[in-house]
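Below are the chains, spelled out letter by letter.
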Amino acid sequence: MVNDQVMGLGGVVVPGTLRDSLFILDAIHARDGGPKPETVITDTASYSDIVFGLFAICGYPFSPRIADISDARLWRTNTAADYGPLQTVSNHTIRLDRIRAHWSDMLRVAGFLTLGEVRGHDLIRMLSRDGKPTGLGDAFAHYGRIFKTLHLLQFVSDEGYRRMIGTQLNVTEARHRLARKIFFGQRGELRQHYREGMEDQLGALGLALNAVVLFNSLYIDTAVKQLAADGFPDFLARAERSLLLHHRGLSCGS
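Residues numbered from 1 in each chain as written. Predicted model: local features only at pLDDT ≥ 70, side-chain atom pairs only at ≥ 80, totals over all residues. Heavy atoms only, no water.

**Quick notes on the pattern of salt bridges**
Side-chain pairs of opposite charge can arise where the charged atoms are in close proximity.
Okay, so step 1: Counted by the stated rule, this structure contains 8 salt bridges.
Okay, so step 2: The salt bridge involving D49 is made with K148; its shortest N-O contact spans 3.2 Å. Here D49, found in helix α2 (residues 49-57), pairs with K148, found in helix α6 (residues 135-157); they are 99 residues apart in sequence, far enough to count as distant.
Okay, so step 3: The buried category is assigned to D49, whose relative accessible area is 17%.
Okay, so step 4: The network of salt bridges with common partners includes D49, R145 and K148. (Salt bridge = Lys/Arg side-chain N within 4 Å of Asp/Glu carboxyl O. Helix = DSSP H or I, 4+ residues; strand = E, 2+ residues; numbered from the N terminus. Buried < 20%, exposed > 50% of the residue type's maximum accessible area, 1.4 Å probe, protein only.)

This is the structure we're talking about:
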């Protein structure tokens, strides 16, 4: 968990053989501190229709970067409506009746997740059986497709939205690169033979990374202000302009 200021909010040790989407909710609810995220941005491996539904019912806007968006489906709620230019691509229907039938159970699930009574990893596995969703899992999937479709439409039409997602993922990757440099012994990999040891390693690494980020932020800010005070009036303006371009994604690789 990394916020948009490059500060780590926590982490969990998970098996590398399972999909990230099984654990993303655990990472959110087990974060070490900070305010509730305004939006959650992940890469492709961390999303599914059920995950979209669980995030939505818990009050988290979910904005994953989907690798092959050309294969993504758009869903509709009204089979008789005319969706104009989207008529031919939105030919899959969201079953609102299934959502209504399980709505009370879906609200209970949201409460259990928020209060920490159940782990997201265990819950998502319970919502599927032999690779197929249960009745409750199917309701969450249909609910999630509402928000997934809205996300896809905004992703396609809003350049600023795409840049925001790309910028945050670049922040995450930059932090990973820093972790590999700091944790030079195993190139940022956790190699303990037991889970508690890996959790200790991850916690210590996160603390060191946050210390480096804080140190650089404070002292670079002090240096810039001192240069401006020493007779370089244009320096601060150029630095602020460069930083603004960076945050807009204009100087970042995708």
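**Here we look at the packing of α2 against α6**
Okay, so step 1: Taken N-terminus to C-terminus, the directions of α2 and α6 make an angle of 85 degrees; their axes are 6 Å apart at the nearest point. It follows from the interaxial angle that α2 and α6 lie roughly perpendicular. Residue-level inspection shows D49, I50, F52, G53, L54, A56 and I57 of α2 in contact with α6, the latter providing G137, F140, A141, Y143, G144, R145, F147, K148 and H151.
Okay, so step 2: Among the residues forming the contact of α2 with α6, the class breakdown is 9 nonpolar, 4 polar and 3 charged. (Axes fitted to C-alpha atoms, helices over the stretch in contact; angles between N-to-C directions. Parallel < 35°, antiparallel > 145°, perpendicular 65-115°, else oblique. Contact = heavy atoms within 4.5 Å. Nonpolar A, V, L, I, M, F, W, Y, C, P; charged D, E, K, R; others polar.)

**Some details on the packing of aromatic side chains**
Okay, so step 1: By the definition in use, this model includes 6 aromatic pairs.
Okay, so step 2: Here the aromatic rings of F52 and F62 are separated by 5.0 Å at their centres, their planes lie at 65 degrees, and the arrangement is edge-to-face. On the criterion of sequence distance, the pair formed by F52 in helix α2 and F62 in the loop between α2 and β1 (75-76) is long-range, its members being 10 residues apart.
Okay, so step 3: Accessibility expressed as a relative area gives 7% for F62, which makes it buried.
Okay, so step 4: Measuring from centroid to centroid gives 4.5 Å for F55 and F62, while their planes differ by 10 degrees, and the two rings are stacked. (Phe/Tyr/Trp six-rings, centres within 6.5 Å; stacked < 30°, edge-to-face > 60°.)

**Structural notes on the environment of G144**
Okay, so step 1: Locating G144 in the fold gives a position in helix α6.
Okay, so step 2: Looking at G144, the relative accessible area reads 0%, which means it is buried.
Okay, so step 3: It is 7.3 Å that separates the C-alpha atoms of G144 and L54, two residues lying 90 residues apart in sequence.
Okay, so step 4: Those residues in contact with G144 that sit more than four places away from it in its chain are D49, F52 and G53.

**What about α2?**
Okay, so step 1: With 8 of 9 residues buried, α2 is to be regarded as a mostly interior element.
Okay, so step 2: Within α2, burial applies to D49, I50, V51, F52, G53, L54, F55 and I57.
Okay, so step 3: Structurally, α2 contributes buried residues whose contacts are with α1 (24-29), α4 (103-115), α5 (120-126), β3 (128-129) and α6.
Okay, so step 4: Positive backbone phi, approximately 90 degrees, marks G59, located one or two places after α2.

**What to know about the environment of S90**
Okay, so step 1: The topology assignment puts S90 in the loop between β1 and β2 (92-93).
Okay, so step 2: With relative accessibility at 3%, the residue S90 sits in the buried group.
Okay, so step 3: Residues S90 and W75 lie 15 residues apart in sequence; the distance between their C-alpha atoms is 5.2 Å.
Okay, so step 4: With residues near it in sequence (within four places) discarded, S90 still touches L74, R76 and Y83.
Okay, so step 5: One polar contact links the side chain of S90 to the main-chain carbonyl oxygen of L86, over a distance of 2.6 Å. (Polar contact = N/O pair within 3.5 Å; in protein donor to acceptor, adjacent residues only side chain to side chain.)

That's the geometry; what it means functionally is another story.
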